[in-house]
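If you want the building blocks of each chain, they are given just below.
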Amino acid sequence: MDSATSTDHRYLPETVQRSVKILVLGGFGVGKTTLIGSVSEIEPLSTEEVMSDASTGVDDLTGVGRKTHTTVALDFGRITLRRRIVLYLYGAPGQRRFWDLWEGLAEGALGVLVLVDTRRLEGAFDVLDQLEHMPGLPFAVAVNHFPDSRAHPVAELREALDLPAHVPVIDCVAPDRVTSLAALTTLTDHAMRVLATREGRS
Amino acid sequence: MTEDHYRDQPLRPYVLTSGRAQPSRNWIGVDTLLIAAPGAEPLPVTASRQEIALLRMCSGLLSVAEAAAHLALPVSVVKVLASDLMDSGRLQTRSRAAMAPDLALLEEVLSGLRDLH
């Protein structure tokens, strides 16, 4: 807008016209915020979203209607692309009780990157189960390699996670910018193919 | 930075929004971009502290989620406040939420990401 804001790194270049988003979903401690931080042009930010907690909403016998409001931290970062587009990356917990939150977030999203820790594969099951019910939302699986994780052949992982053949599986190291960017690129490329196929232009 | 942190909150956010839980413009999403409208009238003296803070925050271009994070307000509250400020012509938006990206946009994102490699 003016010189007062142009030096403030919080703000986007005024040439930006569109925003797009990718969701990074996975179990606790799988490295979602680390991955976002490694590619984001800003320090990842955190905001709280309020979920009126239907899943734990046990009827109050006193009739006062006390409802629990659970706040969920939403960590996110951003990348400005070609000064025209801003890509937001939102990390959200994949557990079943947070579905309401990320289903809302998923609206209009480019796609979902499911982050997986091979030492704790079960953390990904909830997310993958739910994505099965959202056929319009492209997703890719990124395997985050921790120093002590064993290398698993991709075929073995696909089988363990029961992934359809067209879903890309990518290796990454969440703190490493290059491999994390590659994971985002693979997801975007996949989302393009999915859309092109759907539009009959493949 | 905490990951997957959640807790119960006693204060109901709609106290800050005069009792409304939904913004009047329901297409406002976390990634809707906000910027103060140039030359708009100043806020009335009755404006809330949060409204004033949000409008000031929007002196440059940023998203609903970013404004929420910087102001330490829930996203749902910022949506309602932003909606009010738009109604009164003080705030402009770019990039509506919930618009699924089309092929041209995906191509541009892909090329943009490849530039960074």
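Residues numbered from 1 in each chain as written. Chains lettered and ligands numbered in written order. Predicted model: local features only at pLDDT ≥ 70, side-chain atom pairs only at ≥ 80, totals over all residues. Heavy atoms only, no water.

A. Structural context of helix α4 (residues 122–132) of chain A. Residues and elements named next belong to chain A. Within the sequence span of α4, burial applies to Ala 124, Val 127, Leu 128, Gln 130 and Leu 131. All buried residues of α4 fall inside an arc of 160° around its axis, so they share one side. Facing away from the buried side of α4 by more than 90 degrees, the exposed set consists of Glu 122 and Glu 132. Packed against the buried residues of α4 are β1 (18–26), α3 (99–106), β5 (111–116), β6 (139–144) and α5 (154–161). (Buried < 20%, exposed > 50% of the residue type's maximum accessible area, 1.4 Å probe, protein only. Helix = DSSP H or I, 4+ residues; strand = E, 2+ residues; numbered from the N terminus. Arc of directions from axis to C-beta. Contact = heavy atoms within 4.5 Å.)

B. Main features of the packing of helix α1 (residues 49–57) of chain B against helix α3 (residues 75–87) of chain B. Residues and elements named next belong to chain B. Relative orientation of the contacting elements α1 and α3 amounts to 75°, with a least axis distance of 10 Å. With respect to their mutual orientation, α1 and α3 come out roughly perpendicular. Residues Gln 50, Glu 51, Leu 54 and Leu 55 of α1 touch α3, and the partners they reach there are Val 78, Leu 81, Ala 82, Asp 84 and Leu 85. Counted by class, the contact of α1 with α3 contains six nonpolar, one polar and two charged residues. (Axes fitted to C-alpha atoms, helices over the stretch in contact; angles between N-to-C directions. Parallel < 35°, antiparallel > 145°, perpendicular 65-115°, else oblique. Nonpolar A, V, L, I, M, F, W, Y, C, P; charged D, E, K, R; others polar.)

C. Structural view of the sheet that holds strand β4 (residues 91–94) of chain B. All names here are of chain B. Read across the sheet, three strands follow the order β3-β2-β4 without closing on themselves; strand pairing throughout is antiparallel. If you trace the sheet from one side to the other, it starts and ends with β3 (62–63) and β4, each paired once. Bridging between strand β2 (residues 33–36) and β3 involves two bridges; their strand directions are antiparallel. The residue of β3 that forms the bridge with Leu 34 is Leu 62. Running at roughly 110° to β4, α3 makes contact with β2 and β4 of the sheet. (Pairing = 2+ DSSP bridges.)

D. Here's a closer look at the packing of aromatic side chains. Residue and element names in this part refer to chain A. Here the structure, examined in full by the defined rule, presents two aromatic pairs over all chains. Their ring planes at 35° and their centres at 5.5 Å tell us that Phe 76 and Tyr 90 sit as a pair that is tilted. Of this pair, Phe 76 sits in strand β3 (residues 69–81) while Tyr 90 sits in strand β4 (residues 85–93), and the two are 14 residues apart along the sequence. No difference in accessibility class separates Phe 76 from Tyr 90, as the two residues are buried. (Phe/Tyr/Trp six-rings, centres within 6.5 Å; stacked < 30°, edge-to-face > 60°.)

E. Seen up close, unusual backbone geometry. Residue and element names in this part refer to chain A. Backbone geometry places Arg 82, a non-glycine residue, at a positive phi of 50°. In the Ramachandran plot, Asp 162 falls in the positive-phi region, its phi being about 55° despite a non-glycine side chain. On the secondary structure map, Asp 162 appears in the loop between α5 and β7 (169–172).

F. Quick look at the pairing of β7(A). Residue and element names in this part refer to chain A. The pairing of β6 with β7 spans four bridges and is classified as parallel. Note on β7: the bridge partner recorded for Val 141 is Val 169. Regarding topology, α5 serves as the crossover connection from β6 to the parallel β7, and that connection is right-handed. (Right-handed = clockwise from strand over helix to strand, strands pointing away.)

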